[in-house]
Amino acid sequence: MKSRKSGRSELLKAAQLEFEEQGFDGTQTNAIARRAGYAPQTFYRHFPDKKAIFLAIYLDWAEAEAQALAKADTVPAMIDTLLDHHIAHRLFRRSLRHLTAIDPEIAAVRAQTRQQQMGAIKARFPHLAAVDALTLIFTLERLCDAWAEGEFEACGISRETARAHMSTILMNALRVAP
């Protein structure tokens, strides 16, 4: 018999895959449970609804990104970390952006996560004001999403040029050398 903890973990993995393939609106809790190898009602032993598991995945995603960024020791490594993370979770992030705009609970959790990101940036780069850290988060977040969605290339800007520009933005904001 599987433990409650492993059941939750398996549901999270299955849900992340479903959200990445189907988006939030296209994902059903029954599909998550079946993908994890459980009967559909098992989902509700661990999560009250689809939004709850989405938020759990988002918090795990944000933590994984924060840990990866903490290990990045150069601006190009930071940009690569962000781009890799956004590319790997492109459809999930698309759902996140949409839900943030329409769901106050998701918007509040996302704001709380961004405040944690601001704190991490300020701890690493204390010369930045809070508004500068948040502006940097918003700027890089949008640019990385545009990169992952192919928007630069659709507008005739090469990936290399876009990546170099993102590095310049980050270096200027942080006032560091590459």
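Refer to the preceding data block for the structure.
Residues numbered from 1 in each chain as written. Predicted model: local features only at pLDDT ≥ 70, side-chain atom pairs only at ≥ 80, totals over all residues. Heavy atoms only, no water.

Draft legend 1. Quick look at the layout of surface pockets. Of the volumes computed, that of the largest pocket is approximately 580 Å³. Around the largest pocket sit 25 residues that line it, and Ala66, Leu69, Gln117, Ala120 and Ile121 are the ones nearest its centre. Within the residue set of the lining of the largest pocket, elements represented by two or more residues are α4 (50-71), α5 (75-88), α7 (104-124), α8 (130-149) and α10 (159-174). The leading source of residues in the lining of the largest pocket is α4, at eight residues. (1 Å grid on protein atoms, 1.4 Å probe; cavity = no way out; pocket = protein on both sides within 12 Å on 5 of 7 lines; lining within 4 Å. Points joined across faces, edges and corners; volume = space filled by probe spheres on them. Helix = DSSP H or I, 4+ residues; strand = E, 2+ residues; numbered from the N terminus.)

Draft legend 2. Structural view of the nonpolar core. In this structure, Leu11, Phe19, Ile32, Ile53 and Phe54 are the most contacted members of the largest nonpolar core, which totals 25 residues. No other element matches the eight residues that α4 contributes to this core. Excluding residues within four positions of it along the chain, Ile53 makes contact with Leu11, Leu12, Ala15, Phe19, Ile32, Phe43 and Phe47. Of all hydrophobic cores here, the second largest spans 24 residues; its members include Ala72, Val75, Leu83 and Leu143. (Core = buried A, V, L, I, M, F, W, Y, C linked by side-chain atoms within 4.5 Å. Buried < 20%, exposed > 50% of the residue type's maximum accessible area, 1.4 Å probe, protein only. Contact = heavy atoms within 4.5 Å.)

Draft legend 3. Seen up close, the environment of Leu55. By the element assignment, Leu55 lies in helix α4. Given the relative accessible area of 8%, Leu55 is considered buried. Linking Leu55 and Ala148, residues 93 residues apart in sequence, is a C-alpha distance of 21 Å. With sequence-adjacent residues up to four places away left out, Leu55 is seen in contact with Glu105, Ile106 and Val109.

Draft legend 4. Focus on the pattern of salt bridges. All chains considered together, the criterion is met by 14 salt bridges. Note that Lys51 and Asp103 form a salt bridge whose closest N and O atoms lie 3.0 Å from each other. In this pair, Lys51 is assigned in helix α4 and Asp103 in the loop between α6 (90-102) and α7, connecting sequence segments 52 residues apart. Judged by relative accessible area, which is 21%, Lys51 ranks as partly exposed. Of the charged contacts, one joins Glu149 and Arg94 as a salt bridge, the two residues approaching to 2.6 Å between their closest N and O atoms. Taken together, the residues Glu149 in helix α8 and Arg94 in helix α6 connect sequence positions 55 residues apart. Salt bridges sharing partners connect three or more residues here, namely Arg90, Arg93, Arg94, Arg97, Asp145 and Glu149. (Salt bridge = Lys/Arg side-chain N within 4 Å of Asp/Glu carboxyl O.)

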